[in-house]
Amino acid sequence: MKNIKVELESIIFNVMLPESQVFLDELNEEIEKGNKEEEIIEAKKDIVSFIEELNQVLKLIEEKKLSNKDAKDMYKKIRNMLDEH
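Quick look at the structure, then. Starting afresh in each chain, residues are numbered from 1 along the sequence in its written order. Only residues with pLDDT of at least 70 get local features here, since the model is predicted, and only at 80 or more are side-chain atom pairs given and counted; chain-wide, interface and lining totals rely on the full set of residues. In computing side-chain values, all of the structure's heavy atoms are included and hydrogens and water are not.

### A look at helix α1 (residues 4-32)
Part 1: Helix numbers and strand numbers start at the N terminus; a helix is a DSSP run of H or I with at least 4 residues, a strand a run of E with at least 2. The span one expects for a helix is its residue count, reduced by one, times 1.5 Å. Across its 29 residues, α1 extends 40 Å between first and last C-alpha, which sits within 8% of the 42 Å expected from 1.5 Å per residue.
Part 2: If you look at α1, its biggest bend is around 35°, right at Ile12.
Part 3: For α1, the full list of buried residues reads Ile4, Leu8, Ile11, Ile12, Met16, Leu17, Ser20, Leu24, Leu27 and Ile31.
Part 4: Close packing links the buried residues of α1 with α2 (38-62) and α3 (68-84). Values of bend correspond, residue by residue, to the angle between axes fitted over the seven residues ending at that residue and the seven starting there. Throughout this description, buried means an accessible area under 20% of the type-specific maximum (1.4 Å probe, protein chains only), exposed means over 50%, and partly exposed covers the range between. We call two residues in contact when some of their heavy atoms are within 4.5 Å.

### Re the pattern of salt bridges
Part 1: Definition used for salt bridges: Asp or Glu carboxyl oxygen within 4 Å of a side-chain nitrogen of Lys or Arg. In this structure the tally under the stated criterion is 4 salt bridges.
Part 2: The partner of Glu42 in a salt bridge is Lys45, with the nearest N and O atoms 3.6 Å apart. Placement of both Glu42 and Lys45 in helix α2 is noted, with a separation of 3 residues, approximately one turn of the helix.
Part 3: Between Asp83 and Arg79 there is a salt bridge; the shortest N-O distance is 3.2 Å. Highlighted residues: Asp83 and Arg79, both in helix α3, separated by 4 residues, approximately one helical turn.
Part 4: The exposed category is assigned to Asp83, whose relative accessible area is 54%.
Part 5: Residue class for Arg79 comes out partly exposed when judged on its relative accessible area of 31%.

Right, here's the structure in full:
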């Protein structure tokens, strides 16, 4: 991989964040319709936390505070998540 941090930033910005936002929007719609099941509320909390984590990774990349090893590990985890779904 040419530059793992660029690849990681790209997959987060172009794939993970948009897909996570779509899921969050769907959960919000369910809640607005009156679906207050614990599963829906917990899923919303989880996806909000996940989006925050993704944004934190982008910030670390921008501030050049992420090592290549950590970037590679995160990239592999994200690729595995995407490949599973």
